[in-house]
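Spelled out, the chains give:
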2 protein chains.
Amino acid sequence: MMNNKIEKDGPKQVEQQQLEQQLTEDIVDPWNVQASSNKGIDYDKLIDRFGSSRIDDALLERFEKLTGQNPHHFLRRGIFFSHRDMHRILNLVEAGKKFFLYTGRGPSSDSMHVGHLIPFIMTKWLQDVFDVPLIIQMTDDEKYLWKDLKLEHCNNLAYENAKDIIAVGFDMSKTFIFSDVDFIGGEFYKNVLKVQKHVTFNQVKGIFGFDESSNIGKIMFPAIQAVPSFSSSFPFIFGGKKDIPCLIPCAIDQDPYFRMTRDVAPRLGFQKPALIHSTFFPALQGASSKMSASDENSSIFLTDTANQIKKKVNKYAFSGGKDTVEEHREKGGDCEVDVSFMYLRFFMEDDGRLEEIRQQYSSGQMLTGELKAELIQILQKMIAEHQERRKSVTDEIVKQYMMPRALNFTIKK
Amino acid sequence: MMNNKIEKDGPKQVEQQQLEQQLTEDIVDPWNVQASSNKGIDYDKLIDRFGSSRIDDALLERFEKLTGQNPHHFLRRGIFFSHRDMHRILNLVEAGKKFFLYTGRGPSSDSMHVGHLIPFIMTKWLQDVFDVPLIIQMTDDEKYLWKDLKLEHCNNLAYENAKDIIAVGFDMSKTFIFSDVDFIGGEFYKNVLKVQKHVTFNQVKGIFGFDESSNIGKIMFPAIQAVPSFSSSFPFIFGGKKDIPCLIPCAIDQDPYFRMTRDVAPRLGFQKPALIHSTFFPALQGASSKMSASDENSSIFLTDTANQIKKKVNKYAFSGGKDTVEEHREKGGDCEVDVSFMYLRFFMEDDGRLEEIRQQYSSGQMLTGELKAELIQILQKMIAEHQERRKSVTDEIVKQYMMPRALNFTIKK
C-alpha cells in the first residue's frame, strides 16, 4: 500500500512519519496532505467535499474583461482551480470598489522552495492587476505550536522568510507583512477573542481533527489565522469601521481555516472572505511520492545554485519517459506523471511553447533529457533572478514592510 | 435541598441559575462556588483536596519576625488561611532578596463590592511590608469570553475597576496595572504561547471542567492568567533574563489557574509562583445564601451611600440573634452564622474590641441592633474614605499606573 503524502514544508521540517495505510479518501488539511490513490489528490472530488466552486471559463472571461489582461497562467492552467465567492469580488471591481488581499506563510524552514512561491506569485499578480492592498501573515506562533522548534527560532524564520517573500516583488506602499508573535495586540487581538468566543472545541475538532490530547495553543490558533480576513483587525490600514471585503489566495489545504472563518464571520457582523485555491506543488519524486524527513533533494530551494538545480532535476525529477530511447521514440512520454513537465506548467509562461513541448514529449519526438534541459534553464533563470532581488532586501527594508502604517490606496465609499 | 452558592461577582453579573441539587462535596472553581452543606464551604477539606498548606502559627511567627510587624488581621484571623510555598518566599526575604506580587480582577461589574477589596487590601499590606513590585492583571478578555457582554464594555470596565483598585492606595512607583485586551503582545504573548504549547485540552478539562462545547477562548484563557506569574513576561519591569519569584494573593477559587501554572512552570524553566489564599466573602444574606441574579442588596457596594449601608445592614444582614430580646438575653447570639459579625472580622482592625463584641454578643449582653451599629459605623467610614480617595483617581492617573515602565525597586543578584 502506498503512502501518497505530499511534502509541504520542505524536507527538513517534516515531523510525522505516519504509518502507511490504505485511505478511502484523500486527506487534505493544513498539516496533512495524503492521497488515497497513487494518482495523487483528486481535486474534483475535493471541490465537492469542501463545497467550493471550480474556476471555470466563465470566471476567467470575467477576469479578462474586467482587468483587460490575459488571466495569469496559474489561472488558465488550473493551478488555481477552485474558489469561494470570487464573483462577489469581481462584482466589487465592476462597481469600482476595492477589496484587499490576504495570504500568509508558516515560517518553518530556513530556506523556502519554489513551491512555496506559488501563492505569492499569484498574489502579486492580483495585487498588480487590481491595485489593492495586501496583508501577509507570518504564522510563527503556529509553527511553534505544531513543531519541535523554539519560539525564538520560529520568530527569526518569520523575518528570514519575509525576505524571500518581499523578493517576489510586492509593492511596499501597498503591502503590510507581520509576524503573529510580534504583532498580536490591539484590534487584532480583539477580533481574535471575538472569533474564539464563537467557536467551540467541537467545531475545531470537526474541522481540524484536534483531539483531547491537542495542546490548547493548537486549539485556539485557528482564530489567529482567521482574523486577518477582517479589515477591522488593521485600523492603521483601513481606518474607521467600514468592513472591506477580503480575497485569500492559498493552497487548498488551508481552506479549513477559512471555512471556519466564513462560518463565524456573519455572527460577528463581518463579511466572509473570498478565496482562490491552488493545487499542491509536487515533490521532484512525483505527485504521489512518499514523504521523507531529511531529503534535501525533494524540491528546488530558493538558495540552490545553478549547478544544484541542474543536478537535482536531472537526477531526481520523476520522468514520464520510457526506459529506452527506442521505446520512448515509439510510445512517447507521459506528461501526466512527468514532474519536469508539471514544473514547466507552473513556471513556463509561454503557453505556445508549453503545448509544443507537451506534444513533442508525448509523441516521443522530445526525450526526457531535452525536456529537463528546458526546465533547468527556466528554473536557473528564475532562481538566479530571485536571489539577485533577495540580495537587495535588507533588514531595514523588511522593517519597512512590517511597520504598521497606512497603505497607499483609496477605498471608495 | 439547599443551594449553597456564594455570590462572587456582584448581583448584576450572576449569569447561571443552576438547578438546585444535593452535592457530595463543595464546588470551588473560578466560576462556581457552591457548598455541599448549609454551613458553607469546608475550608479544611478544601486544603486537603487542593493540596495546599494551612497558614499556621509558625508561618505567622516567621512573618512577624521577618517584617517586625504584627501580621495583618486577615492573616491572624484565618481570612487568608491557605498557602503554597510561602516559606520559599520568606526564605528569600530572609536572604535579603526580592520577589514580586501578582493579583488581578475580572472586571465584570460597574461597581465593585467590599468583598472584591479583600485580595487588594491584603496585597497592599504585603507590598508595603515587603517593599516589592506589584502586577495587577485586569482580565477583561476572560469576562468577555464567559459572560454575555460586549468586548468593548468589558474593556471599559477594566479601566473603571482599576480606579477602585488604585484607590486602595498602591504605590504607583511600584505598581503596574494592565488590561489583557490592551496589553497582550511581546514577551507576554510569547510566554502565553509557551504555556499553551505545554497544556492539553485534557488537562484544562480536568482542572477547569471545560467540555467539548466550551468555546476555544475559554480553553486557551488559563494560559493568559498564568503568565503574569513569570517575570520574563514584563521585561520593562524586570529587565534581563533573571527569573524573579512571584507571590499571588487571591481567593481560593482562583487556585486552579495556578495549580496549572505551577505544573507547567518547571517545564518552561520558570519558578513556580507561591500563593496565599483567602476564604470567600459572604453575602449579606449569609455564607450559604442562595444566589440571586438581580439582588442589589446582597452586598455593600463601593458606591453605596452612608444611608444605603445603614439600611442594607439593618434590613438584610443575616442575624445570629434570637427572635426576641428576652430569648437573646438568655441564650445569646450565634457569631458563627451572624453576617454582621463575619463582616466585622473582615473589617474591624482592633482585635480587642472584636473579641469583646464576640463575647458580649454570644452571651446575650449585646443585641443584634448594637452589633449592626458597630458594623455600620466601620463600613460607612471605610466606604466614605474609599470614595474620597477614588475621586482623586483621574483618567490620567489610571494611565500612569497602566503605562508599561520600569518600577522603583532593586533586585539583589
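Here the residue numbers are simple positions, counted from 1 along each chain's written sequence. Both sets of labels track the order of writing: A upward for chains, 1 upward for ligands. In keeping with the predicted nature of the model, local features appear solely for residues at pLDDT of at least 70, side-chain atom pairs appear and are counted solely at 80 or more, and the whole-chain, interface and lining totals rest on all residues. Processing note: side-chain calculations cover all non-hydrogen atoms of the structure and skip hydrogens and water entirely.

Draft legend 1. Spotlight on the overall build of chain A. Each helix is a run of DSSP H or I of at least 4 residues and each strand a run of E of at least 2, with the numbering of both proceeding from the N terminus. Counting its secondary structure elements, chain A contains 19 helices and 10 strands. Only protein chains enter the accessibility calculation, which uses a 1.4 Å probe; a residue is then buried when its area is under 20% of its type maximum, exposed when over 50%, and partly exposed in between. Within chain A, buried positions represent 59% of all 413 residues. Of the roughly 16600 Å² of accessible surface on chain A, a fraction of 48% belongs to carbon and sulfur atoms. Within chain A, one finds 53 positive and 57 negative side-chain charges whose respective centroids are separated by 5 Å. Exposure was quantified through the Shrake-Rupley algorithm and a 1.4 Å probe, taking into account, for residues, occlusion by the shown protein chains and nothing else. In this tally Asp and Glu are treated as negative and Lys and Arg as positive; neither His nor the chain ends contributes. All charge positions are set by atom: Lys at NZ, Arg at CZ, Asp at CG, Glu at CD.

Draft legend 2. Local environment of the relation of the copies chain A and chain B. When the copies are superposed, the least-squares fit draws on C-alpha atoms of residues that have pLDDT of at least 70 in both. Once chain A is rotated about the relating axis by 180 degrees and shifted along it by 0.0 Å, it coincides with chain B to within an RMSD of 0.0 Å. Read as a symmetry element, the transformation amounts to a two-fold axis. Residues of chain A ranked by C-alpha distance from the rotation axis are headed by A:G185, positioned 2.6 Å from it. In what follows, a contact means two residues having at least one pair of non-hydrogen atoms within 4.5 Å. A shared interface surface links the copies, since 100% of the contact residues of chain A are contact residues in chain B too.

Draft legend 3. Geometry of the domain arrangement of chain A. Residues and elements named next belong to chain A. Domains are outlined according to an automatic or database domain assignment. Here the domain parsing of chain A yields domain 1 (33-283) and domain 2 (293-391). Using only C-alpha atoms to locate each centre, domain 1 and domain 2 end up separated by 29 Å. The quantity reported as buried area is the accessible area (1.4 Å probe) lost by two parts once they are put together, taken as the sum for both. Broken down residue by residue, the surface that domain 1 buries against domain 2 is led by R77, V114 and A167, which jointly contribute 30%. Basic side-chain nitrogens of Lys or Arg form a salt bridge, by our definition, when they fall within 4 Å of a carboxyl oxygen of Asp or Glu. If you look at where domain 1 meets domain 2, you find four salt bridges. Note that R76 is salt-bridged to D351, the shortest N-O span being 2.8 Å. Within 3.5 Å is the distance limit for a polar contact, defined as a pair of N or O atoms, with the added protein rule that one can donate a hydrogen and the other accept it, and that residues adjacent in sequence qualify only through two side-chain atoms. In this structure, the connection of domain 1 to domain 2 is made through 13 residue pairs in polar contact (both at pLDDT 80 or more). Ranked by residue count, the leading element in the side of domain 1 that touches domain 2 is helix α5 (residues 114-130), at four residues. Across the side of domain 1 that touches domain 2, the residue classes break down as 12 nonpolar, four polar and five charged. Think of it as three bins: nonpolar holds Ala, Val, Leu, Ile, Met, Phe, Trp, Tyr, Cys and Pro, charged holds Asp, Glu, Lys and Arg, and polar takes everything else, Gly as well.

Draft legend 4. Highlighting the sheet that holds strand β4 (residues 53-54) of chain A. All names here are of chain A. One bridge is not enough; two strands pair if DSSP finds at least two bridges between them. Taking strand neighbours across the sheet as the criterion, the seven strands line up as β4-β5-β10-β9-β6-β7-β8 in an open arrangement whose pairing is mixed. Whereas interior strands pair on both sides, the edge strands pair on one side only; in this sheet they are β4 and β8 (175-179). As paired elements, β4 and strand β5 (residues 80-84) share two bridges and run antiparallel to each other. Looking at β5, one finds that S53 is bridged to H83. Set on the sheet, helix α1 (residues 43-50) makes contact with β4 and β5; between it and β5 the angle comes to about 5 degrees. Strands in contact with α5 are β5, β6 (100-105), β7 (134-138), β8, β9 (246-251) and β10 (274-278); relative to β6, the strand with the most contacts, it is inclined by about 165 degrees. Each axis is a line fitted through C-alpha atoms, taken for helices only over the stretch in contact, and angles between the N-to-C directions span 0 to 180 degrees.

Draft legend 5. Looking closely at the pattern of salt bridges. Scanning the model with the defined rule gives 56 salt bridges over all chains in all. The salt bridge partner of A:K205 is B:E212, with a shortest N-O separation of 2.9 Å. Of this pair, A:K205 sits in helix α10 (residues 201-208) while B:E212 sits in the loop between α10 (201-208) and α11 (216-220), each in a different chain. When its relative accessible area of 21% is taken as the criterion, B:E212 is described as partly exposed.

Draft legend 6. Layout of the nonpolar core. Each nonpolar core is a collection of buried residues, namely Ala, Val, Leu, Ile, Met, Phe, Trp, Tyr and Cys, held together in the definition by side-chain atoms within 4.5 Å. In this structure, A:V195 and B:V195 are the most contacted members of the largest nonpolar core, which totals 100 residues. If you tally residues by element for this core, the top one is helix α11 (residues 216-226) of chain A, at seven residues. In contact with A:V195, not counting residues within four places along its chain, are A:A223, A:A226, A:V227, A:F230, A:M260, A:V264 and A:L268. Of all hydrophobic cores here, the second largest spans 70 residues; its members include B:L60, B:V132, B:F346 and B:M402.

Draft legend 7. The arrangement of the interface of chain A and chain B in detail. Taken together, the contact between chain A and chain B spans 39 residues of the former and 39 residues of the latter. Summed over both sides, the interface of chain A with chain B buries roughly 3200 Å², with 61% coming from carbon and sulfur. Looking at the side of chain A facing chain B, the largest losses of area belong to A:K197, A:E212 and A:I216, adding up to 24% of the total buried there. Across the contact surface, chain A and chain B share four salt bridges. The interface formed by chain A and chain B contains 23 residue pairs in polar contact (both at pLDDT 80 or more). Among the secondary structure elements, those contributing two or more residues to the side of chain A that touches chain B are α6 (140-146), α7 (151-166), α8 (180-183), α9 (186-197), α10 and α11 of chain A. Among the elements that line the side of chain A that touches chain B, the one with the most residues is α9(A), at seven residues. When its residues are assigned to classes, the side of chain A that touches chain B shows 16 nonpolar, 11 polar and 12 charged.

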